[in-house]
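The lines below spell out each chain.
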Amino acid sequence: MERFAFIIHPLDVSDVARKFSFSKFMPDALVERVLRLVPPFTASHITGIKSKQNIEAEGWFVTCPLTAKQMMSLPQEKVTSKIIQAGKVAQELGAKIVGLGAFTSVVGDAGITVSKNLDIAVTTGNSYTVATAIEGTKRAAEMLGHQLSESHLAVIGAGGSIGQVCSIIMARDVKHLTLVGRDTAKLKPLAQKILYETGLAAGITSDVKKAVRKANIVITVTSSVDTVIEPEDLQSGTVVCDVARPRDVSKRVAEERNDVLVIEGGVVEVPGNVEFNLDFGFPKKTAYACMAETMMLALEGCYKSFSLGRDLTVKQVDQITELAKKHGFKLAGFRSFERAVTEEEIKRIKQLFTARAS
């Protein structure tokens, strides 16, 4: 039996109520003060994972009790220390690899310091997150009738590790590419690399809204705690793959725009009869891609740190894609704002934007 753990945390104060219902009656500021004092703890035992190779694994969700806002605002060393404490809980449980979920993979040096302070392997899960984001984006675009070779892609958060690799891989297929990031100077080397490897001259901007309005395909993967894409930013028929947690796309988009398709990056079907014993808003037997990467590395017995730091490579994405196929992990359809998206809905979106374009 292979063993792993995955570190989770509440994205905001409302998430705390999923585990501790009494907290919904407390002021947000008080909940956050309490979280700072609570040590990491085991949230659930994960059972029933069985790969196509008949290898079994079990794992644990370990909670690092800080919200996304706290992880970005508290002193970095304190946040990193608490993530390391969560990793040590994983060690004590018998895990041989631990995955860093949501903002625990963003803080500081993206897992490198955490890895140095643990005796087990560490991964952020970013390689498989990229693989599923790209697969999902391509599939969704095709279903809406977009030809990649004629499409304009905007990558929001292109300066980050996930955004960079998404940009490099997708640049092979699209006609136009816009790289978006706060610091445009950091995007210039990426644009040069893309031009050298693919011949595509990518645009660079820090203006999210301007870039999104020009694109018919968007991949967004910022580390912002606030939404960056609103309903008025999107042209009819746009496909948006929102890989970020918390979301980059405002819930208003779902409420006000029935002519665009927003999908969540990295929703994966897990092989076997898995029981997570924790409600994180997904249908049974499905998980985030970052969780799935941790599981498949355990099933492979690959107990070496994998997706760490901010230098993710295309080679890593290709390697983890092959492991996914080997062990039976696959994209589990589309989800949008915590609900499944049916093929009928996608057909309706296509009909709406096609009618408006004619």
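Residues numbered from 1 in each chain as written. Predicted model: local features only at pLDDT ≥ 70, side-chain atom pairs only at ≥ 80, totals over all residues. Heavy atoms only, no water.

A. How the structure looks around the overall build of the chain. A tally of regular secondary structure across the chain gives 13 helices and 17 strands. In terms of overall size, the chain behaves like a compact globule, its C-alpha atoms giving a radius of gyration of 20 Å where 358 residues would be expected to give roughly 21 Å. C-alpha atoms of the chain, sized along the principal axes, occupy 60 × 50 × 45 Å. Counting across all 358 residues of the chain, residues that qualify as buried make up 55%. Restricting to contacts in the chain with at least 6 residues of sequence separation, those with at least 24 account for 68%. Summed over its atoms, the accessible surface of the chain is roughly 15,900 Å², and 50% of this surface lies on carbon and sulfur atoms. Computed over 45 positive and 40 negative side-chain charges, the inter-centroid distance for the chain is 1 Å. (Helix = DSSP H or I, 4+ residues; strand = E, 2+ residues; numbered from the N terminus. Rg over C-alpha atoms; globule rule 2.2 N^0.38 Å. Buried < 20%, exposed > 50% of the residue type's maximum accessible area, 1.4 Å probe, protein only. Contact = heavy atoms within 4.5 Å. Areas by Shrake-Rupley, 256 points an atom, 1.4 Å probe, with all protein chains shown as cover. Lys, Arg positive; Asp, Glu negative; His and termini not counted. Charge placed at Lys NZ, Arg CZ, Asp CG, Glu CD.)

B. Broad picture of the pattern of salt bridges. On inspection of all chains with the given rule, the structure shows 16 salt bridges. We note a salt bridge from K326 to E300, for which the minimum N-O separation is 3.0 Å. One end of the pair, K326, is in helix α12 (residues 314-327); the other, E300, is in the loop between α11 (289-299) and α12, and 26 residues separate them in sequence. In this structure, a network of salt bridges that share partners links the residues E230, E232, R252 and E256. (Salt bridge = Lys/Arg side-chain N within 4 Å of Asp/Glu carboxyl O.)

C. Just unusual backbone geometry, in detail. Residue N54 is not a glycine yet carries a positive backbone phi of 65°. Tracing the sequence through the fold places N54 in the loop between β2 (41-50) and β3 (56-63). Take N54: its relative accessible area is 59%, and that puts it in the exposed class. Even without being glycine, A102 reaches a positive phi, approximately 50°. For A102, a relative accessible area of 27% gives the class partly exposed.

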